[in-house]
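What the coordinates show
The chain contents come next:
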Protein chains: 4
Amino acid sequence: MPLKDRIPVAVLGATGSVGQRMVALLEGHPWFRLGSVTASERSAGRTFQEAASWVLPTPIPEEVAGMQVRATGPELEERLLFSALDASVAGSVETEYAQRGHVVVSNARNHRMDPDVPLLVPEVNPEQQALVARQSFGGAAIITNPNCSTIGMTLALAPLHRAFGVERVNVVTLQAISGAGIPGVSSLQIIDNIIPYISREEEKLETEPLKILGELADGLVAPAPLTVSAQCNRVPVVDGHTLCISVELGRAVSAEAIIDAWDSFRGEPHALGLPSAPSRPVVYVDEPDQPQPRMHRDLGNGMAVAVGRLRPCPLLGWKFVTTSHNTVRGAAGGALLCAELAVARRAVEGLRDFEGGASAS
Amino acid sequence: MPLKDRIPVAVLGATGSVGQRMVALLEGHPWFRLGSVTASERSAGRTFQEAASWVLPTPIPEEVAGMQVRATGPELEERLLFSALDASVAGSVETEYAQRGHVVVSNARNHRMDPDVPLLVPEVNPEQQALVARQSFGGAAIITNPNCSTIGMTLALAPLHRAFGVERVNVVTLQAISGAGIPGVSSLQIIDNIIPYISREEEKLETEPLKILGELADGLVAPAPLTVSAQCNRVPVVDGHTLCISVELGRAVSAEAIIDAWDSFRGEPHALGLPSAPSRPVVYVDEPDQPQPRMHRDLGNGMAVAVGRLRPCPLLGWKFVTTSHNTVRGAAGGALLCAELAVARRAVEGLRDFEGGASAS
Amino acid sequence: MPLKDRIPVAVLGATGSVGQRMVALLEGHPWFRLGSVTASERSAGRTFQEAASWVLPTPIPEEVAGMQVRATGPELEERLLFSALDASVAGSVETEYAQRGHVVVSNARNHRMDPDVPLLVPEVNPEQQALVARQSFGGAAIITNPNCSTIGMTLALAPLHRAFGVERVNVVTLQAISGAGIPGVSSLQIIDNIIPYISREEEKLETEPLKILGELADGLVAPAPLTVSAQCNRVPVVDGHTLCISVELGRAVSAEAIIDAWDSFRGEPHALGLPSAPSRPVVYVDEPDQPQPRMHRDLGNGMAVAVGRLRPCPLLGWKFVTTSHNTVRGAAGGALLCAELAVARRAVEGLRDFEGGASAS
Amino acid sequence: MPLKDRIPVAVLGATGSVGQRMVALLEGHPWFRLGSVTASERSAGRTFQEAASWVLPTPIPEEVAGMQVRATGPELEERLLFSALDASVAGSVETEYAQRGHVVVSNARNHRMDPDVPLLVPEVNPEQQALVARQSFGGAAIITNPNCSTIGMTLALAPLHRAFGVERVNVVTLQAISGAGIPGVSSLQIIDNIIPYISREEEKLETEPLKILGELADGLVAPAPLTVSAQCNRVPVVDGHTLCISVELGRAVSAEAIIDAWDSFRGEPHALGLPSAPSRPVVYVDEPDQPQPRMHRDLGNGMAVAVGRLRPCPLLGWKFVTTSHNTVRGAAGGALLCAELAVARRAVEGLRDFEGGASAS
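All values derive from a computational prediction rather than experimental measurement.

1. Observations regarding the confidence of the model for chain A
Fine structural detail should not be taken from predicted coordinates in areas where pLDDT scores are low. Residue and element names in this part refer to chain A. Scored by pLDDT, chain A has a mean of 94; 96% of the residues are at 70 or more. Counted against residues more than four places away or in other chains, residues 353–361, with its pLDDT under 50, gives 18 contacts. Our summary of model confidence lists the complex with pTM equal to 0.95 and ipTM equal to 0.94.

Here it is as structure tokens:
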């Protein structure tokens, strides 16, 4: 699609770790073009290059480097906004933008558990997008993306939940430093070290999956009857969250059946041909010492989850390991996929008369 | 005690990671003096400094640097041998030395689960030392030290098991690279990465604690009726294993009762005044983001286990985190404590008429 | 070009760090297709996936994963061979293959300083390819690629040498672990550490640039009258060598003139449209704290050198910092570019009647 | 000496990286006892444990953990103050405390180059302590400690300068993250990376050694006629700065003579028996790949400099590598030694009638 026909979007909180990834993923996106970047008052007026302490391995996209950063809060022309705001400000700011008619796709935790806000993993619960109809923003809306660890875990659990039922889950995470933002974790605290704590993270992992795997009934989500126990650790890895998961399934199954459930899992993003949809959202890796974050975080352009080491668990039945890219699939890329889904399904009124889907890509 | 009166000992496999730590810990030991170091045929005849690719942060003890390395296998004068041999050779070599009259205290896995071999954590199951009476080596014996992760976990579980009973345990480990020896893990595989697999490690964690926490009856150990599920990971940390543990206890208890069980735990090594016994084997650290390996691995000269983050687990009841030094408490220091126990209790005949214990230190 | 028309090539020593990178870069190469991979006798007969302990962040190319590894030494059908062999065997093996009629493009140090062997950085000294005429292999030949640090330094020095003359150079390197191969540097030695020594590396940096920047006269290379002093360090970085360089130039120049010499530098690979040629081989980065290996190693698909921090040096006149990818530009990619140059210039007889160059790509 | 007789001291800026190290080194110091710790207004009133984000591998000294932090600026009872203040505030604050009668031993750069302020490396230029006589603070004084890299380099250069004259020096540093304080370097910027820039560091390395190695004449320091060129890099190492140095000496000497100059170097702190003086300030390590920061940073309790790899340099004559602990020898320990020197020499009036030196330790 010619650049002028692409949907203009803005990134709120663009100078942070997730914001930078969002900016990088929007470069050359076939449906969207980046119109504005915002940050705190302090950064407003500076060029993006000056304001952002760029940490990604690819250079700043040229057309964004010189873009003037705008303050978060005042009016923006773009109807579609990606929010990479810090949770300390995201709640009210996102609501205000929605009230002014914007569609906000957010990575922040603030609205995730609101009963009328979709918490989307597009391959897993696209139907929950319908929750926006309960929002009181006219044609505008707030759509949220789960926590960076939740996405990877939920993508791995969803095929099992559909096929066999998932009843109890124990998860211990080994999370990359990029999830903590910029400046985030001090190097003095994490080199040659582990920090066995991430603020609020365990709570998110124990609640968000229940909503995502829940059922939409009478316009509301009934949480899945699932118990999750989580322990979260920060480790000296740049990108890629690794999760050690044990699950109790609803019935006895073979390892082959489980692996087949993962490998055959697809979902609506793939069917719709969304530009950011990985060809296979879950990939089983059959090596004894994999998946590994450095090796698998870029699988499917960072949008797929690698699963491996499936074996019996004497407590819950089965255990396995997952790795996924925390700032791509787990944040910026996940939000992008949510927005693509909204466009393709015309689920959000007035986003514009856009011909998304396979034909457009 | 004057140097000449100290018990002469040898270290088998002294050039490896655990062997080096053993050599370092023996420097200035009040009861023992290092008489011989052995390594493979290839290293025999070279000085220890030449043969060992020394990786510890303290220099090679001066009196060992120039010591000539002997081949593992042929006769040694020292009656007490510490084995830091690789499991590929330890099994038969240790048996041969015991048959020739040596007392072998071993870090290798080979004999750990033999029914007549003590698998000792001296604070936890000193009475199991009595198993040596079933061995057929005359006054000689093989005594073993558990796996580096098992020791830390078992020290944290033992006070709970005594006080409340432990029925089910889930453990996910984040293990330091020094546990893999020299050269061990390639830097290309572990920098900016996690390896979610350590050969045979999960099996050890799922079986060894049952023996250690078991009961001695009729001269044999009845394993504790405990189920353990383990997932093991290698992380880019130099020293210090961190474990995320969930436990189901035998009865409902308060957090205070659990913490009190840890903090009040002592054991025989402390009572006997063994030189390597930490004043408190288990230390509860009451900070939200601790214990951490870099901060706590040297607690109690590397012989104590730091425990923290006790909180309810929706699946098993309680969860918490432990950190302990894998090559001190988890290997060389643990073996040293086993040997000190044997000496102090005169449990092993003929080790020599040595006045160990508090009076000697 | 259709796959069947591409020139078949083999990679010698394909399972090592450079060999793996070579295999990865050949995937989808427009002129070459990988026909065979070789390794030591021990690996022969196994699939590439089994034999290689793959460490790259992208997966093993599918068509190579199942390829049977052949032993290095016996006959190969492919005329063009890329040697990623260890220096301990490369010397004689490469000579033997050349004697049998192969064109060998080598990363090993063994033949680099032979007077009749080109030591090529294609942007810098493409004319030295003519040295092959002095070789006694008929139409076959040995062509070499410089050391991984030499390439980056020489690319940065060449524009200055052409424009102003370079007389004295001091260089201190901070080299990535991937340069040491697999298993290479033990993680126990390099995490939270520096190793201020790399075997033979300083010697290479002090001699190879003289040949590369030398002049071809009467069919031989007269070394450039240049003095280089090098200190080499291994640092805990996965990929990307950083060099701190001071230079004494032949005459007084301004910083602008130096930066302009770098930024305007192009060379024959670009003119010929070689597939692996970066559009700009040397890129000056105008930020106070750059270049950095993680940020710049992939510049120009890993084939460009980033230079920055140009400032006066009170001893030699100017100092600056360079970063380049050691296994791409510094090894596998550099060798590929040498081979592309040979094909495009038909410099090596009989490589085949191949229409290389811009028209073919 | 009984605790009550020890000289009470305060640490200004005690919660930072150097301040924490200062607090740790004062624990159990035979001459000093810590009376107060200060920090910014924001931390005042909290306990030290609450206010400090403790990063050292040893626990917070028990008697300091509960100490109430005072604001920096208001009156303090202790006459002797150690300043670990940030340079943004140190200049005026230190002057004010000196004006009020305190002896301030500072790690900050602000006053280092003031003509009447001693910049001390006690083994090298103890006589420069006499500069305090030119200060206008009555019996009070400001004494400074050099930059963390300067100290290591100057200790290595001083024996050569005395014996042979040092004329030109090129130095490239690989500096640990602890030198950047807390939070200091973001982990996202330094893991798997190098930052080839440290603000103002090169300037310090190029100027401070001239003052330290200078001669005291007519009550002023005449800088040594020395030219230094420095390039500074931050590397992913926790503690320990490594320096690659080339030197041009005043005359031709042998390697043996240089090594002997280092190994025989002692100085006044050792002669006076100062508690923090290392028995040998400079230790030559004769291994091809040493010194290394992890292995040598704790040499002499972190107060010695390890030197190694002496070899000819084709440009300047000789080159070698040094490693020293940047927050011990390079900051807190260095300041402590300066204070011990002042006490032992009674160089600063009224510090108190204290019997320092060998007899007191």
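2. A closer look at the side chain of B:Arg297
Mapped onto the secondary structure, B:Arg297 falls in the loop between α10 (293–296) and β13 (305–313). Of note is the side chain of B:Arg297, whose polar atom sits 2.8 Å from the side chain of A:Asp192. Those residues within four positions of B:Arg297 in sequence are excluded, and the remaining contacts are A:Asp192, B:Val237, B:Val238, B:Asp239, B:Gly240, B:Gln292, B:Gly302 and B:His325.

3. With respect to the interface of chain D and chain B
With twelve residues of chain D at the interface, the matching set in chain B holds twelve residues. Interface area, chain D with chain B, both sides summed: about 1,000 Å², of which 53% is carbon and sulfur. On the chain D side of the contact with chain B, D:Pro57, D:Arg294 and D:Met295 bury the most area, a combined 46% of that side's loss. At the junction of chain D and chain B, the tally comes to zero residue pairs in polar contact (both at pLDDT 80 or more). Within the side of chain D that touches chain B, the residues separate by chemical class into eight nonpolar, one polar and three charged.

4. Here's the deal with the interface of chain B and chain A
Between chain B and chain A, the contact holds 51 residues from the first and 51 residues from the second. If you look at where chain B meets chain A, you find eight salt bridges. As a salt-bridge pair, B:Glu202 and A:Arg309 come within 2.9 Å of each other at their nearest N and O atoms. One can count 28 residue pairs in polar contact (both at pLDDT 80 or more) joining chain B with chain A. At the level of elements, β7 (166–175), α6 (187–190), α7 (201–212), β10 (227–234), β11 (241–249), α10, β13 and β14 (317–324) of chain B are the ones that each hand at least two residues to the side of chain B that touches chain A. The element best represented in the side of chain B that touches chain A is β10(B), accounting for seven residues. A class-by-class count of the residues in the side of chain B that touches chain A yields 28 nonpolar, twelve polar and eleven charged.

5. Here's the deal with empty space enclosed by the protein
Counted according to the given criterion, the structure contains four cavities of 30 Å³ or more. Estimates place the volume of the largest cavity at around 160 Å³. Lining the largest cavity are A:Ile191, A:Asp192, A:Pro236, B:Ile191, B:Asp192, B:Pro236, C:Ile191, C:Asp192, C:Pro236, D:Ile191, D:Asp192 and D:Pro236. Taken together, the residues of the lining of the largest cavity break down into eight nonpolar, no polar and four charged. By volume, the second largest cavity amounts to about 60 Å³. Lining the second largest cavity are A:Arg294, B:Leu188, C:Ser17, C:Arg21, C:Val55, C:Leu56, C:Pro57, C:Ser178, C:Val238, C:Asp239 and C:Thr327.

The rules behind the values
- Residues numbered from 1 in each chain as written.
- Chains lettered and ligands numbered in written order.
- Predicted model: local features only at pLDDT ≥ 70, side-chain atom pairs only at ≥ 80, totals over all residues.
- Heavy atoms only, no water.
- pLDDT = per-residue confidence, 0-100.
- Contact = heavy atoms within 4.5 Å.
- Helix = DSSP H or I, 4+ residues; strand = E, 2+ residues; numbered from the N terminus.
- Polar contact = N/O pair within 3.5 Å; in protein donor to acceptor, adjacent residues only side chain to side chain.
- Buried area = accessible area lost by both parts, 1.4 Å probe.
- Nonpolar A, V, L, I, M, F, W, Y, C, P; charged D, E, K, R; others polar.
- Salt bridge = Lys/Arg side-chain N within 4 Å of Asp/Glu carboxyl O.
- 1 Å grid on protein atoms, 1.4 Å probe; cavity = no way out; pocket = protein on both sides within 12 Å on 5 of 7 lines; lining within 4 Å.
- Points joined across faces, edges and corners; volume = space filled by probe spheres on them.

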